[in-house]
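The chain contents come next:
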Amino acid sequence: MVEKSVNLEAKSEKKKSNDKDRAFSHDFQYSHDNPYHEKLEIFDHFVLRDDEGETYQNKWQAEVFNNQAPLEVEIGTGYGHFMIEHTQKHPHINFVGLDHRFKRSFHLAKKLAKLEHKNFRYLRARGERLGFLFGEDEVSKIYYFFPDPWPKKRHRKKRLFQKRFLDEAFRVLKPGGEILVKTDHDDYFSWMLDELKNEKRFKLELKTFDLHTEAPEHFLSSFVTKFEKIFLEKNVKIKALTLKSLK
Ligand SMILES: C[S@@+](CC[C@H](N)C(=O)[O-])C[C@H]1O[C@@H](n2cnc3c(N)ncnc32)[C@H](O)[C@@H]1O
C-alpha cells in the first residue's frame, strides 16, 4: 500500500516536471479551464491570453506598439506594482508584462485599464514561452522579481531560471540587453548563481546579497514590489543580480 502511494507520487511528480519541460517546447498547449480566462476577454484591447501573444513574435514594435521604442518584458508581474509605476514613469518604452495566474491577471487588468499611458500589453501566459513570444534581438530588458522559489528539492526543476531560459533570454535580447532579478530566497539565489557558473554569454554586472544596503543608488533599489515590501517588513535581505548580454 505504502509502495503504491509512493509510486503514484513519483508518477505525479514526473508528470509535473514533464509539463514544465513541455511549456518550453513547440507543441505546448495552454489549458484555461478557469472562469477568469473568459472574464479577461473584456480587456482584449490590451490583454492577450494563452498563445495569442505568440502571433506577434518579431512584430511587437511594428504591429503592436507602432513605434521603435525599446521593448521591456516583465515575467511574473503579480499585482503589477512595478509594471504600473515603471510604465507610467517611462511613457516612451514599450512594455509587456506577463503572469500565468488567472484571477491575479484579471485584477491587474482592471488596474491597468485605468492608466494614463497605454504603452503596454499584458499577457496571461507563461514565462517559459519567452522564446516563442519574442524574436531574436527584439527585447531590451527582462525583469524577473520575486519569482516563485519552489523550495522543495523535488520541485526545483520547476524554477524558471535555468539553462533553457537563459538560452531563450540570450536569443531574444538585443546586444547589450539585460536581465534584472530580485529575490528574497537564499536558495533560489544560489541556484541562479550556480546556473550562471559556466555562462559566457552574459556579464554578471550586479550581484548582491543585500540590495538596499549595498547598492542603494542602483535602479533596482528605486522601487519596491508588493512581495518585496512583505519581505522587507520581515527584515529579509533582498538578493539581486543583473546580467548584460555580451552578444
Ligand atoms: C511571488 S509572486 C511575485 C510578484 C511580483 N513580481 C512582486 O514582486 O510582487 C510570483 C509571481 O510570478 C508568477 N509566476 C510564477 N511562475 C510563473 C511562470 N512560469 N510564468 C509566468 N508567471 C509566473 C506567479 O503567478 C506570481 O504572480
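Calculation notes
- In this numbering scheme, every chain counts its residues from 1 along its sequence in written order.
- Per-residue local features of the predicted model are confined to residues with pLDDT of at least 70, and side-chain atom pairs are confined, for both listing and counting, to 80 or more; whole-chain, interface and lining totals are unaffected and use all residues.
- The numbering of helices and of strands both runs from the N terminus, where a helix is a DSSP run of H or I of at least 4 residues and a strand a run of E of at least 2.
- With the radius of gyration taken over C-alpha atoms, the globule rule is written as 2.2 Å times the number of residues to the power 0.38.
- Whether a residue is buried, exposed or partly exposed is read from the other C-beta atoms within 10 Å of its own C-beta, which are placed from the backbone; 20 or more gives buried, 12 or fewer gives exposed, and intermediate counts give partly exposed.
- Note on contacts: each residue gets a C-beta atom placed from the backbone, and two residues are in contact if those atoms are within 7 Å.
- In this text, near has one meaning. A residue is near a molecule or strand if its C-beta atom, placed using the backbone, is within 6 Å of it.
- Note on residue classes: Ala, Val, Leu, Ile, Met, Phe, Trp, Tyr, Cys and Pro are nonpolar, Asp, Glu, Lys and Arg are charged, and everything else, Gly too, is polar.
- When DSSP locates at least two bridges between a pair of strands, those strands are taken to pair.
- Where helices are involved, their axes are fitted lines through C-alpha atoms of the stretch in contact, as for all axes, and angles between N-to-C directions lie from 0 to 180°.
- Here pLDDT means the predictor's own confidence in every residue, given as a number from 0 to 100.
- Seen with its strands pointing away from the viewer, a crossover is right-handed if its path from the first strand over the helix to the second goes clockwise.

A short note on the overall build of the protein
1) Next: Within the protein one finds 10 helices and eight strands.
2) Next: Here the C-alpha radius of gyration of the protein, 18 Å, is about what a compact globule of 247 residues would show, namely 18 Å.
3) Next: Considering only C-alpha atoms, the protein reaches an extent of 60 × 45 × 40 Å along its principal axes.
4) Next: Looking at the protein as a whole, 36% of its 247 residues are labelled buried.
5) Next: In the protein, of all internal contacts separated by at least 6 residues, the share reaching a separation of at least 24 is 78%.

Quick notes on the site of the ligand
1) Next: Every one of the 22 residues lining the ligand counts as a neighbour, but Gly 76, Gly 78, Gly 127, Phe 146 and Thr 225 are closest to it.
2) Next: For the shell around the ligand, the elements supplying multiple residues, two or more each, are strand 3 (94-99) and helix 10 (226-233).
3) Next: Taken together, the residues that form the shell around the ligand break down as eight nonpolar, six polar and eight charged.

Things to note about the environment of His 117
1) Next: Mapped onto the secondary structure, His 117 falls in the loop between helix 5 (102-112) and strand 4 (120-124).
2) Next: The class for His 117 is partly exposed, based on 13 C-beta atoms found within 10 Å.
3) Next: In this structure the C-alpha to C-alpha distance between His 117 and His 81, which are 36 residues apart in sequence, comes to 15 Å.
4) Next: Apart from the residues within four sequence positions on either side, His 117 is in contact with Thr 87, Gln 88 and Pro 91.

Here we look at the sheet that holds strand 2 (residues 71-75)
The strands that make up a sheet pair up through hydrogen bonds in the backbone, lying either parallel or antiparallel.
1) Next: One open sheet holds the eight strands; their spatial order is 1-4-3-2-5-6-8-7, and the pairing between them is mixed. The open sheet has two edge strands, strand 1 (47-49) and strand 7 (202-208), and neither has a second partner. Direction aside, neighbouring strands of the sheet carry axes that sit 15° apart on average.
2) Next: Relative to strand 4, strand 3 is paired through five bridges, and the arrangement is parallel. If you follow Gly 97 over to strand 4, its bridge partner there is Tyr 122.
3) Next: In this fold helix 5 packs onto strand 1, strand 3 and strand 4, with an angle of close to 165° to the strand it touches most, strand 4.
4) Next: Seen against the sheet, helix 7 (residues 163-172) touches strand 5 (139-145), strand 6 (173-183) and strand 8 (239-245) and runs at an angle of roughly 135° to strand 6.

Side note on the confidence of the model for the protein
1) Next: For the protein, per-residue confidence averages 93 on the pLDDT scale, and 91% of positions sit at 70 or higher.
2) Next: Note on residues 1-18: pLDDT under 50 across the span, and two contacts to partners over four residues away in sequence or across chains.

Quick notes on the pairing of strand 2
1) Next: Of all five residues that make up strand 2, five are buried, and the element is covered over most of its length.
2) Next: Residues Leu 71, Val 73 and Ile 75 of strand 2 are buried on one face, and the alternating residues Glu 72 and Glu 74, pointing to the opposite face, are buried as well.
3) Next: Both strand 2 and strand 3 contribute to a ladder of five bridges, which runs parallel. In the strand pairing of strand 3, Val 73 is matched with Val 96.
4) Next: Viewed along the sheet, the connection from strand 2 through helix 4 (residues 81-89) into strand 3 turns out right-handed.
5) Next: Bridging between strand 2 and strand 5 involves four bridges; their strand directions are parallel. Within strand 5, the residue paired with Ile 75 across the bridge is Tyr 144.

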